[in-house]
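Listed here are the chains, written in short residue letters.
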Amino acid sequence: MSLYNFKKIAVVPTAKDFVDIILSKTQRKTPTVVHKQYKITRIRAFYMRKVKFAQQSFHDRLTQILTEFPKLDDVHPFYSDLMNVLYDKDHFKLALGQLNTARHLIDNVAKDYVRLLKYGDSLYRCKQLKRAALGRMATIMKRQGSNLTYLEQVRQHLARLPSIDPYTRTIIICGFPNVGKSSFINKITRADVEVQPYAFTTKSLYVGHTDYKYLRWQVIDTPGILDHSLEERNVIEMQAVTALAHLRACVLYFMDLSEQCGHNLEEQVRLFESIKPLFTNKPLIIVANKSDIVNLEELPAERRQVLKDIEEDPELNLKEMSTVTDKGVMEVKIEACEKLLSFRVDQKMRSKKVDGVLNRLHVAMPKPRDNKERPACIPESVQLKKQQKVKRKLAREVEIEEGDDYVVDLAKEYVDIPEEERHDIIPEIWEGHNVADYIDPEIFEKLAELEQEEEVREQTGMYVVPKMELDDTMAEIKKLALQIRHKKAIMKDEARINKQSRKPVVPRTVGPKVRDRSISKLRKTMEGLGLDMSGSSDANFTKTKQRTRSVGPVAKKPRMEVTTIESRSKGLTKPPRNEQGVKDVAMRKKLAKIAHRAISKKVAKMGLKGEADRFIGTKMPKHLFAGKRGVGKTDRR
């Protein structure tokens, strides 16, 4: 398998979720009711089925986890070494091994308890054995909590890794941090690697793809490597070392001649020498980047001396390049692709497979008959025609000659139309009529005459607006109008501010009732008007009805009096709360519907007991109550 798709690995649940999933599945997929008329053999089979189903569910889920994760001994050495760098090979193997042990333990627990259930002599004992079996299985899985958490983290990280094909045509970019590796891969591929002016911007492997000679090429951008021993390198650097060691690829070693990366040329050459063993049996190109700042010719003699060994080595190819000006970028890419192609062909020629192909090929070479040379014979007429033939000028050559004045003439290619008619103006037809028939041929002359007339009118001053001086009355009116507009704008602003800060008005019916009518007030008012109120002590408006408690049976009042009292009391009572403050009947109905919808949502969906309830009851998961069969419905079993 050339490509490893780690994104297809299923999610590893936590220990608690693992147990909940299996136990709820066991409850849903197996019968749940034992009747009193069941024989003991049927009761044993009932509980045996539950134990076996739980064991099989645990076994299948653990087997899926163990098979989907890659085995480090079977994958390509590049992936094996990369996983060792990122996740620690021992820890990874230990986690998978402990899950495998847990699977065997669960199988053994189920086997033991099924054997004990065969001798269960009562419903109670069978049920207790089933509970013990499921409890021990759950305990075994809970002890694997840390392993399951670790494997889920590994799975998430594996899914984020780029898909690298170890067997395809590959170009690897390496070097010190901040020498321009990510800028180069962004130039030649469609990858979008982050580029920043500080070290270790790239923290993991990035993959881009490019095309050359109708072939797909894989370009890998590695994190920067610092010049120190292998034991001191961190995880970020070890990813680059792993890619260099295990992938058959063309290696581009980047150097910064301007030393803006923070490392001088001596350090860069030292790093190249220290990791040179990783480049064995791989085509290698040394790229001198940032030539727009400093190129090889501008380097001082003492700094050029550092690169003397690299320049003189016939196997090493030193190329200048600048990712800012794109100078030499495509040359480096083509050189790397050509080198890798020739290297792969050479490797294939050395293999035994080529011998089998060559043994089946035979090239026939004609033997000379009389040792006479017979050169190719070209007739004189053909040679004369070749000399007389005038080379046809291409459209591209005409375009270069004319420059900006060149216009593409497509009409000359209309072979079906006679040559004298090819450049005729094509009539413009609109709704079946030729537009040219409705155009006045003298329209441009008439337009020129009109323009001349307009110029004469402008020169004579026909369109000049006379200056009108305002008298004192008009000036005063204008000033007054300006003041009115100013005052109107101020009033608008005040109204808007008052509207925003205005508090809601309380209806009259809501406030406390203040009794502003009394007998004494009435007397004072009438005396003030000049009316004598001395003999009014026994008047009708001074009498109040006293409440008396009836001892005997209450006599029924006449119907007319009751109606009068009821009608009077109706006028005095307050309207209901939902009708206060809203005068519009349609709006009141709409508000009632909205309130009803809000209350029903709280009661039905949120499980509240009422409008003012703050308690949310315990909700059991749906899968514990769904899917069970009733009594007698066993036809699906």
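Residues numbered from 1 in each chain as written. Predicted model: local features only at pLDDT ≥ 70, side-chain atom pairs only at ≥ 80, totals over all residues. Heavy atoms only, no water.

Q: Got a sec to walk through the sheet that holds strand β3 (residues 215–221)? Specific residues and values, please.
A: The strand order β2-β3-β1-β4-β5-β6 describes an open sheet built from 6 strands, whose pairing is mixed. In this open sheet, the two edge strands, each paired with only one partner strand, are β2 (206–212) and β6 (317–320). On average, each strand axis in the sheet is tilted by 25° relative to the strand beside it, whichever way the strands run. Sheet analysis places strand β1 (residues 170–175) next to β3, joined by 4 bridges and oriented parallel. Bridging across to β3, isoleucine 172 finds its partner in isoleucine 220. (Pairing = 2+ DSSP bridges. Helix = DSSP H or I, 4+ residues; strand = E, 2+ residues; numbered from the N terminus. Axes fitted to C-alpha atoms, helices over the stretch in contact; angles between N-to-C directions.)

Q: Explain the packing of helix α2 (residues 40–68) against helix α5 (residues 123–142) to me, and be specific about the residues and the numbers.
A: The geometry of α2 relative to α5 is characterised by a closest axis approach of 9 Å and an angle of 5° between their N-to-C directions. As summarised for this structure, α2 and α5 are arranged roughly parallel, according to the angle between their axes. Contact with α2, carried on its side by Ile40, Ile43, Arg44, Tyr47, Lys50, Val51, Ala54, Gln55, Phe58 and Leu62, involves Leu123, Cys126, Lys127, Lys130, Ala133, Leu134, Met137 and Met141 of α5 and no other residues of that element. (Parallel < 35°, antiparallel > 145°, perpendicular 65-115°, else oblique. Contact = heavy atoms within 4.5 Å.)

Q: Talk me through the packing of aromatic side chains; I want residue IDs and the actual numbers.
A: Tallied over the entire structure, the rule returns 6 aromatic pairs. Across from the ring centre of tyrosine 38, 3.9 Å away, lies the NZ or CZ of arginine 42, which sits over that ring. A cation over a ring is seen here: arginine 169 above tryptophan 217, with NZ or CZ 5.9 Å from the ring centre. (Phe/Tyr/Trp six-rings, centres within 6.5 Å; stacked < 30°, edge-to-face > 60°. Lys NZ or Arg CZ within 6 Å of the ring centre and 35° of its normal.)

Q: Break down the nonpolar core for me, citing the residues and quoting the values.
A: Judged by nonpolar contacts, the single largest core of 58 residues is most densely connected at Phe69, Phe92, Met137 and Leu151. Those elements that place two or more of their residues in this core are α1 (15–29), α2, α3 (77–87), α4 (89–117), α5 and α6 (145–160). In terms of residues, this core owes the most to one element, α4, which gives 11 residues. Among all residues touching phenylalanine 92, those that are not within four sequence positions of it are Phe69, Pro70, Leu72, Met83, Tyr150, Leu151 and Val154. If you look at the next biggest cluster of nonpolar residues, it comprises 44 residues, including Phe184, Leu252, Leu284 and Ala336. (Core = buried A, V, L, I, M, F, W, Y, C linked by side-chain atoms within 4.5 Å. Buried < 20%, exposed > 50% of the residue type's maximum accessible area, 1.4 Å probe, protein only.)

Q: Lay out a negative patch on the surface with the relevant residues and their values.
A: Taken together, the side chains of Glu419, Glu420, Glu421 and Asp424 define an acidic patch exposed on the protein surface. Mapping glutamate 419 onto the fold places it in the loop between α15 (395–402) and β7 (429–430). For glutamate 419, a relative accessible area of 63% corresponds to the exposed category. (Patch = residues over 30% accessible without salt bridge, like charges linked within 9 Å, V, L, I, M, F, W, Y side chains within 5 Å. Areas by Shrake-Rupley, 256 points an atom, 1.4 Å probe, with all protein chains shown as cover. Salt bridge = Lys/Arg side-chain N within 4 Å of Asp/Glu carboxyl O. Lys, Arg positive; Asp, Glu negative; His and termini not counted. Charge placed at Lys NZ, Arg CZ, Asp CG, Glu CD.)

Q: Residues and numbers for the pairing of strand β5 (residues 284–289), please.
A: Buried residues dominate β5, accounting for 6 of its 6 residues. Alternating residues of β5 divide into Leu284, Ile286 and Ala288 and Ile285, Val287 and Asn289, and every residue in both groups is buried. In the sheet, strand β4 (residues 250–256) pairs with β5 via 6 bridges, with the strands oriented parallel. Residue pairing in the sheet places phenylalanine 254 in a bridge with valine 287 of β5. Considered for its hand, the β-α-β crossover made up of β4, helix α9 (residues 265–274) and β5 is right-handed. Bridge count for β5 against β6 is 4 bridges, and the pairing is parallel. Its bridge partner being in β6, alanine 288 is matched across the sheet by glutamate 320. (Right-handed = clockwise from strand over helix to strand, strands pointing away.)

Q: Talk me through the state of the cysteines; I want residue IDs and the actual numbers.
A: Scanning the entire structure with this criterion turns up 0 disulfides. No disulfide involves cysteine 250; its sulfur sits 7.9 Å from the nearest other cysteine sulfur, which is in cysteine 337. According to the relative accessible area criterion, cysteine 250 is buried, its value standing at 0%. (Disulfide = S-S within 2.5 Å.)

Q: Account for the pattern of salt bridges, naming residues and giving values.
A: Under the definition given, this model contains 12 salt bridges. One salt bridge in this structure joins arginine 125 and aspartate 121, with 3.5 Å as the shortest N-O distance. Taking relative accessible area as the criterion, arginine 125 reaches 46% and is therefore assigned partly exposed. The partner of arginine 396 in a salt bridge is glutamate 399, with the nearest N and O atoms 3.4 Å apart.

The quantities given are spatial measurements derived from coordinates; they are silent on function.
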